[in-house]
Amino acid sequence: MTEKISEDQVKHVAELAKLKIADDQLPYFTTQLDQIIGLFETLSEVDTDGVERTSSVTDQINVMRDDIAENWHQRQALLDNAPDTADGYIRVPTIIDESGDNE
């Protein structure tokens, strides 16, 4: 398979995903991503003439349940196990960096 994905593209995707990839790992991940894209390209070779379109693989329609909190009584136990909480919520690190440093 010819390489269609460049190391620069892998670096860019890693930045978007907030992943740090060492320079010595770039060839490995470039090959991996190229192989994944290649698998999707093989799907375009499948003859789908005469195959009926489908939007679901089951015959079930609108299988939904009521939106009811089942474990509301365990809220404090969950908060007690969280590494950081504030005002009854679990605090998580900020993942959106709007400083412009990574542009």
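The following paragraphs examine the structure supplied in this document. From a predicted model like this one, the values you see are computed outputs, not experimental measurements.

Focus on the overall build of the protein chain
Thinking step 1. Within the protein chain, the secondary structure is distributed over three helices and two strands.
Thinking step 2. Computed over C-alpha atoms, the radius of gyration of the protein chain comes to 23 Å, more than 25% over the 13 Å expected from 2.2 N^0.38 for 103 residues, which places it beyond the range of a compact globule.
Thinking step 3. Across its three principal axes, the protein chain shows a C-alpha extent of roughly 55 × 50 × 25 Å.
Thinking step 4. The buried share among the 103 residues of the protein chain stands at 9%.
Thinking step 5. At a minimum sequence separation of 6, the contacts of the protein chain that also span at least 24 residues come to 44%.
Thinking step 6. Accessible area of the protein chain: about 10100 Å², with a carbon and sulfur share of 52%.

Some details on the packing of aromatic side chains
Thinking step 1. Per the stated rule, a full pass over the model turns up one aromatic pair.
Thinking step 2. Seen in terms of ring centroids, Tyr-28 and Phe-29 are 5.1 Å apart; in terms of plane orientation they differ by 80°. Their pairing is edge-to-face.
Thinking step 3. Looking at Phe-29, the relative accessible area reads 33%, which means it is partly exposed.

Section: the side chain of Thr-30
Thinking step 1. Structurally, Thr-30 is set in helix 2 (residues 26-43).
Thinking step 2. In this structure the side chain of Thr-30 is engaged in a polar contact, spanning 2.7 Å, whose partner is the backbone oxygen of Leu-26.

Structural notes on a nonpolar patch on the surface
Thinking step 1. The grouping of Ile-36, Phe-40, Leu-43 and Val-46 at the surface amounts to a nonpolar patch, some 410 Å² of accessible area in total.
Thinking step 2. According to the relative accessible area criterion, Leu-43 is exposed, its value standing at 54%.

What to know about the packing of helix 1 (residues 7-16) against helix 2
Thinking step 1. Where helix 1 contacts helix 2, the two axes come as close as 9 Å, and the packing angle between them is 90°. Between helix 1 and helix 2, the interaxial angle falls into the category roughly perpendicular. Note on element contacts: helix 2 touches helix 1 through Leu-26, Pro-27, Phe-29, Thr-30 and Leu-33, opposite Glu-7, Val-10 and Lys-11.
Thinking step 2. Its residues placed into classes, the contact of helix 1 with helix 2 shows five nonpolar, one polar and two charged.

Re a negative patch on the surface
Thinking step 1. A grouping of Glu-7, Asp-8, Asp-23 and Asp-24 is seen on the molecular surface, where their side chains present a negatively charged patch.
Thinking step 2. Residue position: Asp-23 is located in the loop between helix 1 and helix 2.
Thinking step 3. Using a relative accessible area of 59% as the deciding quantity, one classes Asp-23 as exposed.

Remarks on the pattern of salt bridges
Thinking step 1. Summed over all chains, the structure comprises two salt bridges.
Thinking step 2. When the shortest N-O distance is used, the salt bridge between Glu-41 and Lys-4 registers 2.7 Å. Linking Glu-41 in helix 2 with Lys-4 in the segment before helix 1, this pair joins segments that are 37 residues apart in sequence.
Thinking step 3. In this structure, the salt-bridge partner of Arg-91 is Asp-84, at a minimum N-O distance of 3.2 Å.

Scoring rules and cut-offs
- Residues numbered from 1 in each chain as written.
- Predicted model: local features only at pLDDT ≥ 70, side-chain atom pairs only at ≥ 80, totals over all residues.
- Heavy atoms only, no water.
- Helix = DSSP H or I, 4+ residues; strand = E, 2+ residues; numbered from the N terminus.
- Rg over C-alpha atoms; globule rule 2.2 N^0.38 Å.
- Buried < 20%, exposed > 50% of the residue type's maximum accessible area, 1.4 Å probe, protein only.
- Contact = heavy atoms within 4.5 Å.
- Areas by Shrake-Rupley, 256 points an atom, 1.4 Å probe, with all protein chains shown as cover.
- Phe/Tyr/Trp six-rings, centres within 6.5 Å; stacked < 30°, edge-to-face > 60°.
- Polar contact = N/O pair within 3.5 Å; in protein donor to acceptor, adjacent residues only side chain to side chain.
- Patch = residues over 30% accessible without salt bridge, like charges linked within 9 Å, V, L, I, M, F, W, Y side chains within 5 Å.
- Salt bridge = Lys/Arg side-chain N within 4 Å of Asp/Glu carboxyl O.
- Axes fitted to C-alpha atoms, helices over the stretch in contact; angles between N-to-C directions.
- Parallel < 35°, antiparallel > 145°, perpendicular 65-115°, else oblique.
- Nonpolar A, V, L, I, M, F, W, Y, C, P; charged D, E, K, R; others polar.
- Lys, Arg positive; Asp, Glu negative; His and termini not counted.
- Charge placed at Lys NZ, Arg CZ, Asp CG, Glu CD.

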